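Fold and geometry: a report
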Amino acid sequence: MTIIEKIPKIWKIAYLLICGWYAINYAVSSIIEWQAFRPYTTSVLWNGFYLFETVCILVGLTFIYTNWLFKFKVPVQVVGHLFGVFVYFMCISYLSYYFDYYLDGLVYFDDWKEYMLDLLSWDAMRIYDQYLITVAVYYIIKYFESLRQEEQEKSELALKNKEMELSLLRSQINPHFLFNTLNSISTLISTSKEKARKVITQLSDVFRYALDSHSGDKVRLIHELDFIENYIKIQQVRFGDRLKFELDVEPTCLSVGIPPMVLQPLVENSVKYGIAPKDEGGTIKLMVRRISGGIYFEIKDDGLGVNAKKVLDGKSTGVGLKNSDKRLRSIYGKYAGLHINARQDGYTVSFILPPEQEEQKVEPKRELEAVSA
């Protein structure tokens, strides 16, 4: 790859636009001078062309010089540009003197002095502008590049945060769950090898889903429900008839895309803090319905509720519940977070996902209350 190919496209476009602008300026001024002041010679046109070539070279060098200065602190850059504008002026002024005076025989010091004094008027501003405009274009591009880079870094950070949160959610299928399941399998081997094989298959499906869920941002609800059912069946091996599970899902919702493993922490909390500590056990109900505000999800149990040692009232320190809430809010907006209602006879966790992948525009609180009622 050549040096030119390595230059970003935005800088090539900026260079061509600046040179194109000066091409028009030098062409117009040279033609006017040729027609109005030197109609009998075309040298003025060639002089204008040579000056234009010099300006194009100096514009490129100014970009390179400014890029080098950009590495230093602001005071150094200011001093550096004062020196740069002086060198730029000297280059253009000497070349202009060569074409306008020197080639016409005006080669003495007094001639050069006279030309420079004349040039230090309005013409000097034109030369200064060439340098300053090039520098300004550089800083403008750098500013927008920094904004774009900042946004890119924010996006990358948000992606890493999501990956981290998903990893934390995977960790909710924790060693305690694995340990308890392996104990159950160990017990089943001596009583029912067929049931033990079935639990091993279900356990492998649970972990396979947890490991594969990072491959996409969304999964179909039907796959998430299969995962939940396998998880519940494994837990039922441990708790037996004390743990019941009811699924009430509107068929049209089965193809809806949802964040992977967003339901598992909620179901696990129901098992761990609602049903498991209760002597007689209880039932967990998972309901999914279409409503006017989107897709309504509800996980409800008849466990200990507010009487549990760890009440899930939104202030829980549980990593899974917090991460589920953060994930939903970051993906769908602030109104898509979890709504937790702790009762004497259990608790309910619910949330609404909007129909489109965008921030919820209307607060679904009333819709939520209507469905919960």
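Our subject is the structure listed above.
The text that follows walks through the structure, step by step, so that each part is easy to find. (Residues numbered from 1 in each chain as written. Predicted model: local features only at pLDDT ≥ 70, side-chain atom pairs only at ≥ 80, totals over all residues. Heavy atoms only, no water.)

1. Overview of the environment of Val256
To be explicit about the condition: Starting at the N terminus, helices and strands are each numbered in turn, a helix being any DSSP run of H or I of at least four residues and a strand any DSSP run of E of at least two. In this scheme, a residue with accessible area under 20% of its type's maximum is buried, one over 50% is exposed, and one in between is partly exposed, where area comes from a 1.4 Å probe on protein chains only. Two residues form a contact once any of their heavy atoms are found within 4.5 Å.
Structurally, Val256 is set in the loop between strand E2 (243–249) and strand E3 (257–258). Judged by its relative accessible area of 14%, Val256 falls in the buried class. For Val256 and Pro355, which are 99 residues apart along the polypeptide, the C-alpha to C-alpha distance reads 8.8 Å. The contacts of Val256, once residues within four sequence positions are left out, are Val219, Arg220, Leu221, Arg290 and Ile295.

2. Examining the nonpolar core
The following threshold applies: By nonpolar core we mean a set of buried residues, namely Ala, Val, Leu, Ile, Met, Phe, Trp, Tyr and Cys, connected to one another through side-chain atoms within 4.5 Å.
By size, the foremost hydrophobic cluster in this structure holds 43 residues, and its most contacted members are Leu221, Ile258, Leu263, Phe297 and Phe351. Elements with a contribution of two residues or more to this core: helix H8 (193–212), helix H9 (221–239), E2, helix H10 (264–275), strand E4 (282–291), strand E5 (294–301), helix H11 (319–332) and strand E7 (346–353). Leave out the neighbours within four places in its chain, and Phe297 touches Leu221, Ile258, Leu263, Met287, Val288, Val349, Ser350, Phe351 and Leu353. Among the nonpolar cores identified, the runner-up in size contains 22 residues, and Tyr26, Leu51, Tyr88 and Ile141 belong to it.

3. Things to note about H10
Note the following rule: Helices are assigned an expected span. That span is 1.5 Å times one less than the residue count.
With 12 residues, H10 extends 15 Å from end C-alpha to end C-alpha; this agrees with the ideal 16 Å at 1.5 Å per step. Counting buried residues along H10, 11 of its 12 residues qualify, which places the element largely inside the surrounding structure.

4. Quick word on the side chain of Gln130
By the element assignment, Gln130 lies in helix H6 (residues 122–170). According to the relative accessible area criterion, Gln130 is buried, its value standing at 2%. Among residues more than four places away in sequence, those in contact with Gln130 are Tyr22, Tyr26, Val55, Tyr88 and Ile92.

5. Side note on the packing of aromatic side chains
The line we're drawing: Between 30 and 60 degrees the pair is tilted, below 30 it is stacked and above 60 it is edge-to-face, where a pair is any two Phe, Tyr or Trp rings, Trp via its six-membered ring, whose centres lie within 6.5 Å.
In the structure shown here, the tally under the stated rule is 10 aromatic pairs. Considering the side-chain rings of Phe70 and Tyr138, the 5.9 Å spacing of their centres and the 70 degrees angle between planes classify their relative orientation as edge-to-face. On the criterion of sequence distance, the pair formed by Phe70 in the loop between helix H3 (43–69) and helix H4 (74–100) and Tyr138 in helix H6 is long-range, its members being 68 residues apart. Looking at Tyr138, the relative accessible area reads 2%, which means it is buried. Between the aromatic rings of Phe70 and Tyr139, the centroid separation amounts to 5.9 Å while the plane-to-plane angle is 55 degrees, which identifies the pairing as tilted. Residue Phe70 is located in the loop between H3 and H4, and its partner Tyr139 is located in helix H6; the two are separated by 69 residues in the primary sequence. An aromatic cluster is present here, built from Trp11, Phe63, Phe70, Tyr138 and Tyr139 joined pairwise through their rings.

6. Observations regarding the sheet that holds E2
Where we set the bar: When DSSP finds at least two bridges between two strands, those strands are taken to pair. Axes, fitted as lines to C-alpha atoms, cover a helix only where it is in contact. Angles between the N-to-C directions of the axes lie from 0 to 180 degrees.
Pairing in this open sheet of five strands is mixed, and the strands run E2-E4-E5-E7-E6 from one edge to the other. In this open sheet, the two edge strands, each paired with only one partner strand, are E2 and strand E6 (339–343). This sheet shows a mean twist of 10 degrees between the axes of neighbouring strands, independent of strand direction. Two elements, E6 and E7, share five bridges in a ladder whose sense is antiparallel.

7. Comments concerning the packing of H9 against H10
The criterion, for reference: Comment on the angle field: the value is read as roughly parallel under 35 degrees, roughly antiparallel over 145, roughly perpendicular from 65 to 115, and oblique elsewhere. Note: crossing handedness is left-handed where the near helix turns anticlockwise from the far helix by less than a right angle, and right-handed where it turns clockwise. Asp, Glu, Lys and Arg are counted as charged, while Ala, Val, Leu, Ile, Met, Phe, Trp, Tyr, Cys and Pro are counted as nonpolar; the rest, among them Gly, fall into the polar class.
Running from N to C, H9 and H10 point in directions that differ by 20 degrees, and their axes come no closer than 10 Å. By the criterion of interaxial angle, the relationship of H9 to H10 is roughly parallel. For the pair H9 and H10, the sense of crossing is right-handed. On the side of H9, the interface is formed by Glu224, Phe227, Ile228, Tyr231, Ile232, Gln235 and Phe239, while H10 contributes Gln264, Val267, Glu268 and Val271. Its residues placed into classes, the contact of H9 with H10 shows seven nonpolar, two polar and two charged.

8. Notes on the pairing of E4
The element E4 is largely enclosed, with a buried count of seven among its 10 residues. As paired strands, E2 and E4 are joined by seven bridges and run parallel to one another. What sits directly across from Val249, in E4, is Val288. Hairpin connection between E4 and E5: a loop of two residues separates the two successive antiparallel strands.

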